[in-house]
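Listed here are the chains, written in short residue letters.
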Amino acid sequence: MNYETVIGLEVHVELATKSKIFCSCNAKYGAGPNEHVCPACCGMPGMLPVVNKRVVDYGMKAGMMLNCHINRTTTFDKKSYYYPDLPCAYQTTQWFAPVAVNGTVEIETSKGKKNIRIKQIHMEEDAGKLVHDIAEDTTHVDFNRTSVPLIEIVSQPDLSSAEEVEAYLERLKMLLRYAKVAECAMEHGTMRCDVNLSVRPEGSDQLGVRTEMKNMNSIEAIKHAIEYETARHIDAIENGTEVLVQETRRWDDIKGKSFAMRNKETAGDYRYFPDPNLMPVVIDDAWYDSIQASLPELPEEKYARYTEQLGLSEYDAAQLVKSIALCECFEAAHAVCGSAKDAANWMISEIMSILNQRKMTYDMLNINGTSLGELIKLVMDGTVGRANGKKILNAMFEDASIVPAEYAEKNGYIMSNDTGLIEQVVKAAIEAEPKAVADYKGGKEKAIMSIFGRCMKELKGNCDPQTLRTILIDTINKM
Amino acid sequence: MDRETLRRLELLNQLKLTEEQKEEITAFFDCREKDLAVLNAIDTSQTERQVHVMPIMTVVREDIASQPFTVEELQKGAPDTDQGYWCVPRVVE
Ligand SMILES: [Zn+2]
């Protein structure tokens, strides 16, 4: 019998705000233990939460990016459970009226395009961190991450393979990064994923027993886990190797296996109830409209504009729209230098390869697009040679404040049109390389390259290669 | 309410009830269940959800970070701390 896998995802994304969701503590990662904590987020009695407006902004924005309906009155609820990483013994989340519902995300795989329905997006607070390896008999608690804002994006069980899951997660990342609401880096824990999976005979409309794998933090691990769980479920159904139960499982990426953690909690176990300390958030028209007006141009829209209006090749446009940081740098550079093709060429041949060399992601690009535009202009109008232009670009990666024209002047990267100087250099180079001259005259055309290189080095790259070549060949031929 | 449900609630709320309390609570919930049955009989499918009894809404604050408390101040009343951490009995899931 053929089986199909039915997968739904719950994706937790840490929002890129400065402060926490219900108090003004710093939400940034990387402080010493409990340095980003206050009486509210460590659960001292009597402290009251105050909603961070930007969290609602970002929740709405994420909802709009995922084609959701925005609940104009959205409320917070308490989800109760006892664990030391949760100082209030409840998590403030959204259960009854989440900020966004009923959306769709279009994905593309080798099988074509498919719409994945989004059940809801809700805003909530993160939990703290427990450290078990400092002492043997105690657990150390760090509340820095407590109350850091998250959105949880809950999909309908519309995904049916590891490939689709990967495409879905990549698409989510891209949309949320374009909207600048989140970093979405699984390797930093700013995007985490719970996978709900069941297996059923192909064509059946009944769902099988569902298991959940929690806190998966790499796409590779998720793909392995899906393959493993699918095989385990089919084996259980066909051969009765085990009885499947609804449960939460832990994926061990090193062992390549999943392990039962606990029976799956049902909603009732969490005793959700409206948080009496938080009044409803009412999103009026002005607020709603301001968020809608701040939505970015989508990758597909940029692609169409780049190819149709700016005349970029499909390849170049596809490379640029991979990241909003690349797009913004390109657009700023284009605005200054005036040539989309040159700007795209610098982005793809130079910037993207420097990023790769430095093992930086595209989103880590820290080059000022306006400065890049000025640099491209200097190379386009012949003020600076291409090779020296690359050197300036590399320096800009180290120091974002570099002004290309000043830097070129200071480091002697301005091109010389002084033919007298070039002739002088050529003459000296010919005298220094009699063998290469003889070889060239004897028909080995390539021999000229070493003399050419010597001249270019002497001129510090500040010479138009074509001009140098012409003068060099003329001089040798006259000998 | 059956005994199994009560046992589950006891566990979830980390309570230990006496036999007497169990009787009392069961009687109370049985009564409330009857009330709820009356309410559930009403068709509310066309009714707009009431989110609060008063027509009020939350205030929001701007996203500005500040850190008015030090770790030392926060942990003054803590029974056990170490290197800036709160310490609790070991928990391993
Ligand atoms: Zn706080």
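Please read these numbers as outputs of a predicted model, since none were measured by experiment. Along every chain, residues carry numbers that run from 1 in the direction the sequence is written. All chains are assigned letters beginning at A, and all ligands numbers beginning at 1, according to the order in which they are written. Restriction of local features to residues with pLDDT of at least 70 applies here, the model being predicted, together with a cutoff of 80 or more for giving and counting side-chain atom pairs; totals for whole chains, interfaces and linings are based on all residues. For the side-chain quantities, the full set of heavy atoms in the structure was used; hydrogens and water were omitted.

Before going further, it helps to spend a moment on the pairing of strand β10 (residues 138-142) of chain A. Buried residues are those whose accessible area, probed at 1.4 Å on protein chains only, stays under 20% of the maximum for their type, while exposed residues exceed 50% and partly exposed ones sit between those limits. By definition, any uninterrupted DSSP run of H or I lasting at least four residues is a helix, any uninterrupted run of E lasting at least two residues is a strand, and each is numbered from the N terminus. A large share of β10(A) lies buried, amounting to five of its five residues. Where burial is concerned, the two faces of β10(A) agree: the one with A:T138, A:H140 and A:D142 and the one with A:T139 and A:V141 are both buried. Between any two strands, pairing holds if DSSP finds at least two bridges. Pairing analysis gives three bridges linking strand β9 (residues 129-131) of chain A to β10(A), with the strands arranged antiparallel. Among the inter-strand pairings, A:L130 is bridged to a residue of β10(A), identified as A:V141. Counting the residues between successive antiparallel strands, the hairpin from β9(A) to β10(A) contains six residues. Pairing of β10(A) with strand β3 (residues 85-89) of chain B involves four bridges; the strand directions are antiparallel. What sits directly across from A:H140, in β3(B), is B:C87.

Before going further, it helps to examine the nonpolar core. Residues and elements named next belong to chain A. We call a set of buried residues a nonpolar core when its members are Ala, Val, Leu, Ile, Met, Phe, Trp, Tyr or Cys and they connect through side-chain atoms within 4.5 Å of each other. If you look at the biggest cluster of nonpolar residues, it comprises 105 residues, and the most contacted ones within it are I153 and Y168. In this document the domain limits rely on a domain assignment from an automatic tool or a database. When residues are assigned to domains, this core turns out to be shared by domain 1 (3-286) and domain 2 (297-410), each giving three or more. Setting aside residues up to four positions removed in sequence, Y168 forms contacts with L9, V11, V105, I107, I116, I118, I153, S155 and L159. If you look at the next biggest cluster of nonpolar residues, it comprises 20 residues, including I448, I451, F452 and L468. The contact rule is simple, with two residues in contact once any of their heavy atoms fall within 4.5 Å.

This brings us to the domain arrangement of chain A. Residues and elements named next belong to chain A. Here the domain parsing of chain A yields domain 1 (3-286), domain 2 (297-410) and domain 3 (419-478). Using C-alpha coordinates to define each centre, domain 1 is positioned 36 Å away from domain 2. At the junction of the two partners, domain 1 supplies seven residues and domain 2 supplies twelve residues. Values labelled buried area give the accessible surface lost by two parts on being combined, using a 1.4 Å probe and summing over both. Together domain 1 and domain 2 conceal approximately 730 Å² of surface at their shared face, both sides included; 58% is due to carbon and sulfur atoms. Broken down residue by residue, the surface that domain 1 buries against domain 2 is led by M174, Y178 and K180, which jointly contribute 64%. Salt bridge criterion: a side-chain nitrogen from Lys or Arg within 4 Å of a carboxyl oxygen from Asp or Glu. Connecting domain 1 to domain 2 are three salt bridges. Salt-bridge contacts for R177 lead to D363; the nearest nitrogen and oxygen are separated by 3.0 Å.

This part is about the packing of helix α2 (residues 162-178) of chain A against helix α3 (residues 219-239) of chain A. All names here are of chain A. Only the stretch in contact is used when a helix axis is fitted, and all axes are lines through C-alpha atoms; the angle between N-to-C directions ranges over 0 to 180 degrees. Here α2 crosses α3 at 150°, and the two axes come no closer than 9 Å. The orientation of α2 relative to α3 falls into the category roughly antiparallel. As α2 packs across α3, the resulting crossing turns out to be right-handed. Only I219, I222, K223, I226 and E227 of α3 make contact with α2, whose side of the interface consists of A162, V165, E166, L169, E170 and K173. All residues other than Ala, Val, Leu, Ile, Met, Phe, Trp, Tyr, Cys, Pro, Asp, Glu, Lys and Arg, Gly among them, are scored as polar; the first ten of these are nonpolar and the last four charged. Each residue belonging to the contact of α2 with α3 can be placed in one class, and the counts come to six nonpolar, no polar and five charged. The scheme is simple: roughly parallel for angles under 35 degrees, roughly antiparallel for over 145, roughly perpendicular for 65 to 115, oblique for anything else. Two helices that cross are described as forming a left-handed crossing if the nearer one is turned anticlockwise from the farther one by less than a right angle, and a right-handed crossing if clockwise.

As a further point, take the interface of chain B and chain A. Between chain B and chain A, the contact holds 35 residues from the first and 54 residues from the second. Summing the contributions of chain B and of chain A, the shared interface buries around 3800 Å²; its carbon and sulfur component is 58%. Looking at the side of chain B facing chain A, the largest losses of area belong to B:R61, B:D63 and B:Y85, adding up to 20% of the total buried there. Linking chain B to chain A there are two salt bridges.

What follows is about the coordination of the zinc ion. Residue and element names in this part refer to chain A. The donor set covers N, O and S atoms within 2.8 Å of the metal, switching to 3.2 Å for Na, K and Ca, and it leaves out water, so a site may look short of donors. Those protein atoms acting as donors to the zinc ion are C23 (SG), C25 (SG), C38 (SG) and C41 (SG), and they sit at 2.3 to 2.4 Å. Angular criteria define each label, namely tetrahedral for four donors with all angles between 85 and 135 degrees, square planar for four and octahedral for six donors with opposite donors over 155 degrees apart and remaining angles between 65 and 115, and irregular for whatever fails these tests. Considering all four donor atoms around the zinc ion, angles at the metal cover 99 to 117° and the coordination shape is tetrahedral. Look at where the donors of the zinc ion fall in the sequence and you get C-x1-C-x12-C-x2-C. With C25 in the loop between β1 (3-14) and β2 (51-52) and C41 in the loop between β1 and β2, the pair connects residues that are 16 residues apart, well separated along the chain. Across this residue pair, the class does not change: C25 and C41 are buried.

Another aspect to go through is the sheet that holds strand β16 (residues 273-274) of chain A. All names here are of chain A. Pairing is antiparallel across the open sheet formed by three strands, whose spatial order is β6-β5-β16. Where the open sheet ends on each side, the last strands, each with one partner, are β6 (90-93) and β16. Where strand β5 (residues 77-80) and β6 come together, four bridges link them in antiparallel fashion. Directly across from K78, in β6, lies its bridge partner T92.

Each pair of aromatic rings taken from Phe, Tyr and Trp, with Trp reduced to its six-membered ring, is defined by centres within 6.5 Å and is described as stacked if the planes are under 30 degrees apart, edge-to-face if over 60, and tilted in the remaining cases. This model, assessed by the stated rule, comprises nine aromatic pairs over all chains. Considering the side-chain rings of A:W95 and A:Y272, the 3.8 Å spacing of their centres and the 10° angle between planes classify their relative orientation as stacked. Linking A:W95 in the loop between β6 and β7 (100-109) with A:Y272 in the loop between β15 (257-263) and β16, this pair joins segments that are 177 residues apart in sequence. What makes A:Y272 buried here is its relative accessible area of 16%. Ring plane angle 70° and centroid distance 5.0 Å describe the contact between A:Y306 and A:F330, whose orientation is recorded as edge-to-face. With A:Y306 in helix α5 (residues 299-308) and A:F330 in helix α7 (residues 324-337), the pair connects residues that are 24 residues apart, well separated along the chain. Judged on exposure class, the residue A:Y306 and its partner A:F330 are both buried. Taken together, A:Y81, A:W95, A:Y270 and A:Y272 form an aromatic cluster joined through their ring pairs. Here the guanidinium or amino end of A:K79 rests over the ring plane of A:Y270, the centre of that ring lying 4.2 Å away. Comment: the charge-over-ring label is applied if NZ (Lys) or CZ (Arg) is within 6 Å of the ring centre and within 35 degrees of the ring normal. Sitting above the plane of the B:F28 ring, B:R32 keeps its charged end 4.8 Å from the centroid.

On to the layout of surface pockets. All names here are of chain A. One number sums up the size of the second largest pocket: a volume of about 1200 Å³. Of the grid points, spaced at 1 Å and generated over the protein atoms alone, those admitting a 1.4 Å probe that cannot get out make up cavities, while open sets with protein on both sides within 12 Å along at least five of seven lines make up pockets; any residue with an atom within 4 Å of a point is treated as lining. Lining the second largest pocket are 41 residues, with E170, K173, M174, L175 and K322 positioned closest to its centre. With eight residues, α2 is the single largest residue contributor to the lining of the second largest pocket. In terms of residue class, the lining of the second largest pocket is built from 22 nonpolar, five polar and 14 charged. The residue makeup of the lining of the second largest pocket includes at least three contributed by each of domain 1 (3-286) and domain 2 (297-410). Grid points are joined across faces, edges and corners, and a volume is the space filled by probe spheres set on the points.

Time to look at helix α1 (residues 53-65) of chain A. All names here are of chain A. To estimate how far a helix should reach, multiply one less than its number of residues by 1.5 Å. Taking 1.5 Å of rise per residue, the 13 residues of α1 would be expected to cover 18 Å, and the 18 Å separating its terminal C-alpha atoms lies within 8% of that figure. In terms of burial, α1 is largely enclosed, as eleven of its 13 residues are buried. Within the span of α1, buried status applies to V55, V56, D57, Y58, G59, M60, K61, A62, G63, M64 and M65. Polar contacts, as counted here, are pairs of nitrogen or oxygen atoms within 3.5 Å of one another; within protein the pair requires one atom able to donate a hydrogen and one able to accept it, and residues that are adjacent in sequence qualify only if both atoms are side-chain atoms. Where α1 starts, the residue carrying a side-chain oxygen 3.0 Å from the main-chain nitrogen of R54 turns out to be N52. Note on α1: the residue one or two positions beyond its end, N67, has a positive phi of about 55°.

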